[in-house]
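As a plain string of letters, each chain reads:
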Amino acid sequence: MTAITAAVRSLGGDFPAEAFGRTYRLWPEVADFSDLFTWDDLNDIIARHRLEPPRLRLFNDGTQVPQYAYSHPVVSKRHTVWHRIEPGNLHRQLGEGASLVLDAVDALHHGVERFAEALERHLRTDVQVNLYASWTSKEGFGLHFDDHDVVVVQLEGAKRWRIYEPTRIDPLRIDVEAPEPPDGEPAAEIVLHAGDMLYLPRGWWHAVAAAEGRSLHLTCGLKPTTGAALFSWLADQLRASATVRANLPYLASAQDQAAHLEALRKEFTAALHDNVIEEFLLAQGTMDPGRPMPSLPFVGSIPADESLYVRLTVSGAWYEVDGEGRVVMSAGGQQWTFVAPALVLVKRLAEGRTASLGELAVSSSLPVGQVAALVTELVAADVAAVSRRR
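Residues numbered from 1 in each chain as written. Predicted model: local features only at pLDDT ≥ 70, side-chain atom pairs only at ≥ 80, totals over all residues. Heavy atoms only, no water.

Caption draft 1: Expanded view of the nonpolar core. Formed by 47 residues in total, the largest nonpolar core has its most connected members in Phe-37, Leu-100, Leu-102, Val-105, Leu-131, Leu-155 and Leu-218. A total of five residues in this core trace back to one element, the largest contributor, which is helix α5 (residues 110–123). With 33 residues, the next largest nonpolar core counts Phe-298, Ile-302, Val-310 and Ala-331 among its residues. (Core = buried A, V, L, I, M, F, W, Y, C linked by side-chain atoms within 4.5 Å. Buried < 20%, exposed > 50% of the residue type's maximum accessible area, 1.4 Å probe, protein only. Helix = DSSP H or I, 4+ residues; strand = E, 2+ residues; numbered from the N terminus.)

Here's what the structure looks like:
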């Protein structure tokens, strides 16, 4: 079992019913995450990418370290300005207690991207993965809370977490009030060791510091799926109703206004049917643009090459079989209808698997040319990518 598979399986069982969105949970010794992202990977990314703040930043005792303390500006021949990291000064800042943060590392690293995609399929929400590295027992960020749930995997070293219960349940990024800091003792003090995993809902306060020597961990931020988001989506769906589209009768009598409100209430109540949450999640998933990737050098039709690999670049693809046995697939805001034998192919891709055109041809009993034509449609719609590697 791979580390990614082990992490995703840990988020099954009783986790959705007992912990998700409710309380923290610790899983000791889930897997060996050391190969998921390494120090060499971090060195390569810092050296080869232009990582302007807030993409890469340093914090020390809750204060952001100025960029000039570890980089200098460079003017390109096209007169753009970027900042080159100075390894010596970077090392000095980190040695003096700063913590390093690299945002959206899933967009910079193949393995972490696969981890994020697996979480997205399992938890049915967008995921962004940030990387944190520290070398001392200083708390880089101080006591704080996040406006999104997080799944943390410890890659190397150990990290001490002081966790406090929320002072405002389920805070939002755009909210009507700010939570007050906690004033009591922590609800838990946890030390994450390499291979451990932690889940923390949004709103739970925490302060984090390396427990012993250097530490490297990934924090996977989960986009919250809230009632506010559901209502916003429903408002768009209800535009199909003439009652909802009509002007509010604010110049009419109180009796006419009451009648109109009752009509609106009936429309809204009907829209909140028993299956509306699942309907909303399906709509969100099939509209999600995912993580588009080009399929160069193939700028036209995908060739009927059995050795080419294909995968979906969206995690919310949905499919069903219609009354005539055809396969209807939705992804990236688009929809396709394929012949019945394509069901095995579509199912395999929608599960997040990477497969060769040859494997898909064998499993579906379709000619490889027909598989390539189907894949061409998906690539042209920005929901799939083809490459030479699995």
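Caption draft 2: Molecular detail of the sheet that holds strand β13 (residues 215–222). If you walk across this open sheet you meet the eight strands as β1-β11-β8-β13-β7-β6-β2-β3, and the pairing is antiparallel. Where the open sheet ends on each side, the last strands, each with one partner, are β1 (25–27) and β3 (63–64). The strands touched by helix α3 (residues 39–48) within the sheet are β2 (56–60), β6 (99–102), β7 (127–134), β8 (149–156) and β13, with β6 carrying the most contacts at an inclination of about 70 degrees. (Pairing = 2+ DSSP bridges. Contact = heavy atoms within 4.5 Å. Axes fitted to C-alpha atoms, helices over the stretch in contact; angles between N-to-C directions.)

Caption draft 3: Examining the pattern of salt bridges more closely. Scanning the model with the defined rule gives 24 salt bridges in all. The shortest N-O distance in the salt bridge between Arg-92 and Glu-96 comes to 3.7 Å. Overall, the relative accessible area of 43% leaves Glu-96 in the partly exposed class. Among the ionic pairs, Glu-324 bridges to Arg-326, the shortest N-O distance being 3.8 Å. According to the relative accessible area criterion, Glu-324 is exposed, its value standing at 65%. (Salt bridge = Lys/Arg side-chain N within 4 Å of Asp/Glu carboxyl O.)

Caption draft 4: A look at the sheet that holds strand β10 (residues 188–193). Ordered by their spatial adjacency, three strands build an open sheet running β10-β9-β12, and the pairing between neighbours is antiparallel. Lying at the two open borders of the sheet, with one neighbouring strand each, are β10 and β12 (205–210). Direction aside, neighbouring strands of the sheet carry axes that sit 20 degrees apart on average. Two strands pair when backbone bridges link them, and strand β9 (residues 158–164) and β12 are joined in this way by six bridges, in the antiparallel orientation. In the sheet register, Arg-162 faces β12, and the bridge partner there is Ala-207.

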